[in-house]
Amino acid sequence: MSEVILLKVMYLKLLTLGNQMRILIVGAGFSGAVIARQLAKAGHTISIIDKRDHIAGNCYDYTNEHGIRIHKYGAHLFHTNNKKVWNWLKPFSEWIKYEHRVLAQLSDGSFVPFPPNNETIKKVPKSNIIDTFYRPYSEKMWGIKLEELDKSIIGRIPMREDDSDLCFPKDKFQFLPKQGYNNLFTNILDHQNINIYTNTSFNKSMESSYDFIFNSMPIDEYFDYEYGPLPYRSIKFHTVTLPSPKLFPAGQINFTHSSQFTRCIEWKNFPYHGKNDCFSTITYEEPCDYIDNNMERYYPVKDVSGVNRKLYKKYEKMVGNKMKFIGRCGLYIYYDMHMAINSSLAIADKFIKESS
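Residues numbered from 1 in each chain as written. Predicted model: local features only at pLDDT ≥ 70, side-chain atom pairs only at ≥ 80, totals over all residues. Heavy atoms only, no water.

**Digging into the nonpolar core**
If you look at soluble globular proteins, the nonpolar side chains tend to sit buried side by side. Core analysis: the biggest nonpolar cluster contains 85 residues, and Ile23, Phe30, Leu89, Phe202, Phe214 and Ile341 have the highest contact counts within it. If sequence neighbours within four positions are ignored, leucine 89 has contacts with Phe30, Phe78, Trp95, Leu184, Ile188 and Ile341. Judged by nonpolar contacts, the second largest core, of ten residues, contains Ala104, Phe114, Tyr134 and Cys167. (Core = buried A, V, L, I, M, F, W, Y, C linked by side-chain atoms within 4.5 Å. Buried < 20%, exposed > 50% of the residue type's maximum accessible area, 1.4 Å probe, protein only. Contact = heavy atoms within 4.5 Å.)

In structure tokens, the structure reads:
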């Protein structure tokens, strides 16, 4: 190697080292993991912490004593039309094609497709669709009257006038990670520039040790609720195993009754989620206020009046220039998985561009 080339190589190395930053990422769910991977690839040193004893955030899954894989915090089903998101995600796992179907159980015990289609309407007249399916589920889920909810929440699951029983009929990419989400996140975070610390809660004393922080903790909690708490909904997950090879005709059953429970997941009905000829494990869900569930925040409440969003904006204005809030709780917005990935890719790309 000539002296000129050697000097150029040394200069480039020094330039790269000069641009390296010590980055703290709070939360090892999709938002944090995607940013961690992108910034690590760009040469930054990443510490990612999570207060729980595992990575993968609310996507975390495990296999129980009966060989059945369970998503601890509710079913997570990847679906999107965003090719950029899919192309980024797919190298980190082997994937199985899976098109999700949901059945709703009526008061007589029979099942009909949901979202409602032509077959559903044969049993439930159009005039009763809202009060049979949308009102009881949504009011249990959100803890307020249907009329008080932002219309976009109901619009996420529109009624159809065809025979399709697919939950996401327009999404081109619908897959499950064959080895599970925990394996997927392990692969995403497998980089020499990433250090992972579970069982580690964020403390403001950490801030002085890092050049920048991406924070997925609740933004109102970070600012000690100066303007009051932001409302969230949570879910209590009740998981039981019963001595039956199969219980339901679909992976997800929505309830239409007036009890506090909204739906039930039978895990063996998802591909590669275990085989057992004697037992089946189900999880049924009970929505509640996050205060009644160990402060576990799952869903920001999007009210029709926009009061909650205005409160969030007051907190957003307080964020300093060395911190960026991310994720559902940091941005106070409902994200599907593909939306969280897409947002985090954009955030990471912008940071890399501005810090280079």
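**Quick word on the pairing of strand 13 (residues 252-255)**
Burial of strand 13 is two-sided: the residues Gln252 and Asn254 facing one way and the residues Ile253 and Phe255 facing the other way are all buried. Where strand 7 (residues 102-105) lies against strand 13, four bridges are found, and the strand directions are parallel. When the sheet's bridge partners are listed, valine 102 is paired in strand 13 with glutamine 252. When strand 13 meets strand 14 (residues 263-266), the two strands line up antiparallel, connected through three bridges. Along strand 14, the bridge assignment pairs asparagine 254 with arginine 263. (Helix = DSSP H or I, 4+ residues; strand = E, 2+ residues; numbered from the N terminus. Pairing = 2+ DSSP bridges.)

**Comments concerning the sheet that holds strand 5 (residues 78-80)**
The strand order across the open sheet built from three strands is 5-9-6, with neighbouring strands paired in antiparallel fashion. For this open sheet the edge positions go to strand 5 and strand 6 (95-97), each flanked by a neighbour on one side alone. Taken over all neighbouring pairs, the strand axes of this sheet differ in orientation by 35 degrees on average, direction set aside. Here three bridges tie strand 6 to strand 9 (residues 173-177), and the two strands are oriented antiparallel to one another. (Axes fitted to C-alpha atoms, helices over the stretch in contact; angles between N-to-C directions.)

**Regarding the pattern of salt bridges**
By the definition in use, this model includes 15 salt bridges. A salt bridge links lysine 204 to aspartate 224, with the nearest nitrogen and oxygen atoms 3.5 Å apart. Taken together, the positions of lysine 204 in the loop between strand 10 (194-197) and strand 11 (212-215) and aspartate 224 in the loop between helix 8 (219-222) and strand 12 (232-242) put the pair 20 residues apart, joining distant regions of the chain. We classify lysine 204 as partly exposed; its relative accessible area is 40%. (Salt bridge = Lys/Arg side-chain N within 4 Å of Asp/Glu carboxyl O.)

**Details of empty space enclosed by the protein**
In total, this model carries two cavities of 30 Å³ or more according to the counting rule given. By volume, the largest cavity is sized at about 50 Å³. Lining the largest cavity, in full, are Ala104, Phe114, Thr132, Phe133, Tyr137, Asn254, Phe255 and Thr256. Mapped onto the lining of the largest cavity, the elements with two or more residues apiece are helix 5 (129-142) and strand 13. The residue inventory of the lining of the largest cavity, partitioned by class, reads five nonpolar, three polar and no charged. Taken as a whole, the second largest cavity spans an internal volume of roughly 40 Å³. What lines the second largest cavity is simply Leu77, Phe78, His79, Tyr98, Glu99, His100, Phe168, Gln174 and Phe175. Sorting the residues of the lining of the second largest cavity by element identifies strand 5 and strand 9 as the ones contributing at least two each. (1 Å grid on protein atoms, 1.4 Å probe; cavity = no way out; pocket = protein on both sides within 12 Å on 5 of 7 lines; lining within 4 Å. Points joined across faces, edges and corners; volume = space filled by probe spheres on them. Nonpolar A, V, L, I, M, F, W, Y, C, P; charged D, E, K, R; others polar.)

**Notes on unusual backbone geometry**
Here phenylalanine 114 and proline 115 are connected by a cis peptide whose omega angle stands at 5 degrees. Within the secondary structure layout, proline 115 lies in the loop between strand 8 (111-114) and helix 4 (118-123). If you check the backbone angles, alanine 56 has positive phi at about 85 degrees while not being a glycine. Looking at where alanine 56 falls in the secondary structure, it is placed in the loop between strand 2 (45-49) and strand 3 (61-63).

**Some words on the packing of aromatic side chains**
Summed over all chains, the structure comprises 28 aromatic pairs. Through a chain of ring-to-ring contacts, the aromatic side chains of Phe202, Tyr222, Phe223, Tyr227, Tyr315 and Phe325 assemble into a single cluster. A cation over a ring is seen here: arginine 52 above tyrosine 73, with NZ or CZ 4.0 Å from the ring centre. The lysine or arginine in question, lysine 97, covers the ring of phenylalanine 175, its NZ or CZ lying 5.3 Å from the ring centre. (Phe/Tyr/Trp six-rings, centres within 6.5 Å; stacked < 30°, edge-to-face > 60°. Lys NZ or Arg CZ within 6 Å of the ring centre and 35° of its normal.)

**Some details on the environment of proline 115**
On the basis of relative accessibility, which here comes to 3%, the residue proline 115 falls in the buried class. C-alpha separation for the pair proline 115 and histidine 338, spaced 223 residues apart in sequence, amounts to 21 Å.

**A look at the sheet that holds strand 14**
One open sheet holds the seven strands; their spatial order is 8-7-13-14-15-12-16, and the pairing between them is mixed. One side of each edge strand has no neighbouring strand; the edge strands of this open sheet are strand 8 and strand 16 (299-300). Sheet strands in contact with helix 5 are strand 7, strand 8, strand 12, strand 13, strand 14, strand 15 (280-289) and strand 16, and its direction is about 105 degrees off that of strand 12.

**A word on the layout of surface pockets**
Space inside the second largest pocket adds up to approximately 170 Å³. Lining the second largest pocket are Phe212, Phe214, Lys324, Ile347, Lys350, Phe351 and Glu354. Looking at the lining of the second largest pocket, the elements that each hand over two or more residues are strand 11 and helix 11 (337-355). Looking at the lining of the second largest pocket, its residues break down into four nonpolar, no polar and three charged.

**Notes on helix 9 (residues 307-316)**
Residues of helix 9 that are buried: Asn308, Leu311, Tyr312 and Tyr315. Buried residues of helix 9, viewed axially, fall in a sector of 100 degrees; they line one side. For helix 9, exposure combined with an orientation more than 90 degrees from the buried face picks out Val307 and Lys310. Packing partners of the buried residues in helix 9 comprise helix 8 and helix 10 (327-331). (Arc of directions from axis to C-beta.)

These values are about where atoms sit, not about what they do.
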